[in-house]
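Each chain, letter by letter, is given below.
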Amino acid sequence: MAITVQPTTPSFAAEVGDVDLARPLGPDDLAAIRAAFTRYAVLVFPDQHFDDDSQLDFARNFGPLETTVFKARKEHKLRLHENMADVGNLDAENRILTTNDRQRLYNLGNRLWHTDSSFKRLPAYCSLLHARSIPPIGGHTEFADMRAAYDALPDATKRRIEGLVAEHSIMHSRAKLGFADFDEGEREAFRPVPQVMARRLQDSGRMSLYIASHIGAIRGMDDAEAKALVEELTNHATQRQFVYSHRWRVNDLVIWDDRCTMHRGMDFDDQRYARDMRRATVSDVAPTCEQMGLAVAAE
Ligand code: OGA
Ligand code: MN
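What you see is a predicted model; the values in this text were computed from it and never measured. (Residues numbered from 1 in each chain as written. Chains lettered and ligands numbered in written order. Predicted model: local features only at pLDDT ≥ 70, side-chain atom pairs only at ≥ 80, totals over all residues. Heavy atoms only, no water.)

Draft legend 1. Structural context of the site of ligand 1. Near ligand 1 you find V87, N110, H114, D116, L129, T141, W256, H263, G265, R275 and R279, and these make up its full shell. Between an oxygen atom of ligand 1 and a side-chain N or O atom of H114, the distance comes to 3.1 Å. Within the contact set of ligand 1, an oxygen atom lies 3.0 Å away from a side-chain nitrogen or oxygen of D116. Isolated, ligand 1 exposes 290 Å² of accessible area, and the fraction of that covered by the protein chains is 98%. In this structure the site holding ligand 1 corresponds to the largest cavity. A breakdown of the residues in the shell around ligand 1 according to their chemical character gives 3 nonpolar, 5 polar and 3 charged. (Near = heavy atom within 4 Å. Polar contact = N/O pair within 3.5 Å; in protein donor to acceptor, adjacent residues only side chain to side chain. Areas by Shrake-Rupley, 256 points an atom, 1.4 Å probe, with all protein chains shown as cover. 1 Å grid on protein atoms, 1.4 Å probe; cavity = no way out; pocket = protein on both sides within 12 Å on 5 of 7 lines; lining within 4 Å. Sits in = over half its atoms within 2 Å of the grid points. Nonpolar A, V, L, I, M, F, W, Y, C, P; charged D, E, K, R; others polar.)

Here it is in structure tokens:
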């Protein structure tokens, strides 16, 4: 049986049924999933029974996998495979992270609107997040459509951001929460990288905003002006008409296109409930400046 695509919103999110992603997929199913993913930027696949290996294997259909940012810190003890981002609230012994645990404070950065790995020179193409256990209430994830947000910008703003290059670092988003506990290796790995603020998607041909809480500066622009612009664009892009809010079920796999969405995690009682969420992340094909034909000076 072929896969079934059921739109959740007219052009941003859809649910996909009649497919078992833990098994190797035929070329027709894969092509249908890719087509749906190009049209909708968020796909929800309920009831997928992955272990880490089968989740990573499915992710490899979309391209090469990223390595978790926790690897940049020598003393960090990984709970999961190095290709898996551990965005839940459990430690290496599967105990709930305590209030002041560094990993918990670090992951609080996921509450700010962002797109994954825009702080890497070669950023993410897509993220595949699987819910192993969820709290009974709270802990939803919100997604914003940066293509629709771009389309709705006034022409003058589109002209203003054309060719602008922003500096992204994961240390910028963490600094917004007052978090600055980075060692030497992390400071080196997380040096700011340049990304365009408006990009054309090679598959759909659509334009998209490309912004995140990881932005700390815009090249050639005064800091106050840059911060005001990023704030305005973020407020514009996260208006309710551009947002899909996902309420998780155990064994949901959600895939989102990091090139043209932002997302944020929502609050839950993380001292009472375990939330075990595991993310595979696929790299984009080239740095965004290169994709947009912009030559950028080294910082
Ligand atoms: C992520 C992320 C938010 C959440 O997995 O990249 O930001 O709700 N997750 O867990
Ligand atoms: Mn994220």
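Draft legend 2. Main features of the environment of V254. With respect to the helices and strands, the residue V254 is situated in strand β13 (residues 253-257). Taking the C-alpha atoms as reference points, V254 and E82, separated by 172 residues in sequence, lie 20 Å from one another. With sequence-adjacent residues up to four places away left out, V254 is seen in contact with V42, L43, V44, S127, L128, L129, F143, H246 and W248. (Helix = DSSP H or I, 4+ residues; strand = E, 2+ residues; numbered from the N terminus. Contact = heavy atoms within 4.5 Å.)

Draft legend 3. Geometry of the pairing of strand β8 (residues 193-196). Of the two faces of β8, both are covered, the one formed by V193 and Q195 as well as the one formed by P194 and V196. Bridge analysis of strand β7 (residues 165-168) against β8 gives 4 bridges, and the strand direction is antiparallel. Note that in β8 the partner of A166 across the bridge is Q195. (Buried < 20%, exposed > 50% of the residue type's maximum accessible area, 1.4 Å probe, protein only. Pairing = 2+ DSSP bridges.)

Draft legend 4. Main features of the packing of aromatic side chains. With the rule as written, the count across this model stands at 13 aromatic pairs. Centre to centre, the rings of F58 and F62 are 5.5 Å apart; their planes meet at 85°, and the pair counts as edge-to-face. In this structure, F58 and F62 share a single accessibility class: buried. Summarising the aromatic geometry, the rings of F143 and W256 are spaced 5.1 Å apart at their centres and angled 50° between planes, so their arrangement reads as tilted. In this pair, F143 is assigned in strand β6 (residues 141-145) and W256 in strand β13, connecting sequence segments 113 residues apart. Neither residue differs from the other here; F143 and W256 are each classed as buried. Taken together, the ring pairs in this structure connect F37, F45, F50, F58, F62 and Y125 into an aromatic cluster. Between the NZ or CZ atom of R174 and the centre of the ring of Y106, over which it lies, the distance is 4.9 Å. One Lys or Arg, R199, reaches over the ring of Y210 and ends 4.7 Å from the middle of that ring. (Phe/Tyr/Trp six-rings, centres within 6.5 Å; stacked < 30°, edge-to-face > 60°. Lys NZ or Arg CZ within 6 Å of the ring centre and 35° of its normal.)

Draft legend 5. Spotlight on empty space enclosed by the protein. Inspection of the entire model under this criterion finds 3 cavities of 30 Å³ or more. Where the lining of the largest cavity is concerned, the elements lending two or more residues are α3 (102-107) and β14 (261-265). For the lining of the largest cavity, the leading source of residues is β14, giving 3 residues. Residues belonging to the lining of the largest cavity are distributed by class as follows: 7 nonpolar, 9 polar and 7 charged. Considered as a void within the structure, the second largest cavity measures approximately 260 Å³ in volume. (Points joined across faces, edges and corners; volume = space filled by probe spheres on them.)

Draft legend 6. Spotlight on the pairing of strand β15 (residues 276-283). For β15, the buried fraction is high: 8 of the 8 residues fall into the buried class. In β15, alternate side chains face the same way, and those of D276, R278, A280 and V282 on one face and M277, R279, T281 and S283 on the other are all buried. Looking at chain direction, strand β4 (residues 84-86) and β15 are connected through 3 bridges and run antiparallel. Counted as the bridge partner of D86 is R278 from β15.

Draft legend 7. Main features of the layout of surface pockets. The computed volume of the largest pocket comes to approximately 290 Å³. The wall of the largest pocket is formed by 17 residues, among which K176, S213, V230, E231 and T234 lie closest to the centre. Looking at the lining of the largest pocket, the elements with two or more residues in it are β11 (215-218), α8 (223-237) and β14. Sorting elements by how many residues they give to the lining of the largest pocket places α8 first, with 6 residues. A class-by-class count of the residues in the lining of the largest pocket yields 8 nonpolar, 4 polar and 5 charged. Computed from the structure, the second largest pocket encloses a volume of approximately 220 Å³. Among the residues making up the lining of the second largest pocket, the classes are represented as 2 nonpolar, 2 polar and 7 charged.

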